[in-house]
Amino acid sequence: MTAISSNTVRKYKRLYTSQKRNKRPHLIAKYGMQCFWCECQLTNETLTIDHYIPLSKGGNHQIKNLRLACFECNQKRGNSLP
Ligand SMILES: [Zn+2]
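Residues numbered from 1 in each chain as written. Predicted model: local features only at pLDDT ≥ 70, side-chain atom pairs only at ≥ 80, totals over all residues. Heavy atoms only, no water.

## Brief notes about the overall build of the protein
Line of reasoning, step 1. Tallying secondary structure elements over the protein gives two helices and two strands in all.
Line of reasoning, step 2. Overall, the protein shows an N-to-C arrangement of helices and strands of α-β-β-α.
Line of reasoning, step 3. Taking the intrachain contacts of the protein between residues at least 6 apart in sequence as the baseline, contacts between residues at least 24 apart amount to 53%.
Line of reasoning, step 4. Roughly 6100 Å² of accessible area belongs to the protein as shown, and the carbon and sulfur atoms make up 56% of that amount. (Helix = DSSP H or I, 4+ residues; strand = E, 2+ residues; numbered from the N terminus. Contact = heavy atoms within 4.5 Å. Areas by Shrake-Rupley, 256 points an atom, 1.4 Å probe, with all protein chains shown as cover.)

## Section: the coordination of the zinc ion
Ideal geometry at a metal centre: 109.5 degrees between donors when four sit tetrahedrally, and 90 or 180 degrees when six sit octahedrally.
Line of reasoning, step 1. In this structure, Cys35 (SG), Cys38 (SG), Cys70 (SG) and Cys73 (SG) serve as the protein donors to the zinc ion, at separations of 2.3 Å.
Line of reasoning, step 2. Taken together, the four donor atoms surrounding the zinc ion define angles of 100 to 117° at the centre, an arrangement classified as tetrahedral.
Line of reasoning, step 3. Considered as a linear motif, the donors of the zinc ion on their single chain read C-x2-C-x31-C-x2-C. Note that Cys35 is positioned in the loop between α1 (2-31) and β1 (47-51) and Cys70 in strand β2 (residues 66-70), a separation of 35 residues in sequence. The pair formed by Cys35 and Cys70 is uniform in burial state, with each residue classed as buried. (Donors = N, O, S within 2.8 Å, 3.2 Å for Na, K, Ca; no water. Tetrahedral: all angles 85-135°; square planar, octahedral: opposite > 155°, others 65-115°. Buried < 20%, exposed > 50% of the residue type's maximum accessible area, 1.4 Å probe, protein only.)

## Things to note about the side chain of Arg77
Line of reasoning, step 1. Note on placement: Arg77 falls in helix α2 (residues 71-77).
Line of reasoning, step 2. Ignoring any residue separated from it by four or fewer positions in sequence, one finds Arg77 in contact with Trp37, Asp50, His51, Tyr52 and Pro82.

## Focus: the nonpolar core
Line of reasoning, step 1. By size, the foremost hydrophobic cluster in this structure holds 10 residues: Leu27, Cys35, Leu42, Leu47, Ile49, Leu66, Leu68, Ala69, Cys70 and Cys73.
Line of reasoning, step 2. When residues of this core are traced back to their parent elements, those giving at least two are β1 and β2.
Line of reasoning, step 3. At four residues, β2 tops the list of elements feeding residues into this core. (Core = buried A, V, L, I, M, F, W, Y, C linked by side-chain atoms within 4.5 Å.)

## Some details on the environment of Lys23
Line of reasoning, step 1. Position of Lys23 relative to the elements: it lies in helix α1.
Line of reasoning, step 2. Take Lys23: its relative accessible area is 18%, and that puts it in the buried class.
Line of reasoning, step 3. As a C-alpha pair, Lys23 and Leu66 span 43 residues in sequence and 8.7 Å in three-dimensional space.
Line of reasoning, step 4. Excluding residues that lie within four positions of it along the chain, Lys23 makes contacts with His61, Gln62, Ile63 and Leu66.

Given below as C-alpha cells:
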C-alpha cells in the first residue's frame, strides 16, 4: 500500500511540474517577454511566473491567474494583492 501511494504522489508531482513548465510559452505568447508589473525586458534568467492573486489569497494555477514577472517584482510583491 505504501509503495502504491508514494508512486501516486510521484506521478502527481511530475504532472504538476510539467504543467507549470508548459504554461511558460503560453504566457510569453500572451504577454511577451516583459514583466507584467514594471514592464522591464525579461530574459530566461530573470523570468518568473507570478500569481496575480496569490495562492494564499485564494488564487489558483490557471493561466488567467498567472503573469510573467521579473525576479525583483515577484520578490517585492510577496503575498500582496494587486
Ligand atoms: Zn518587474
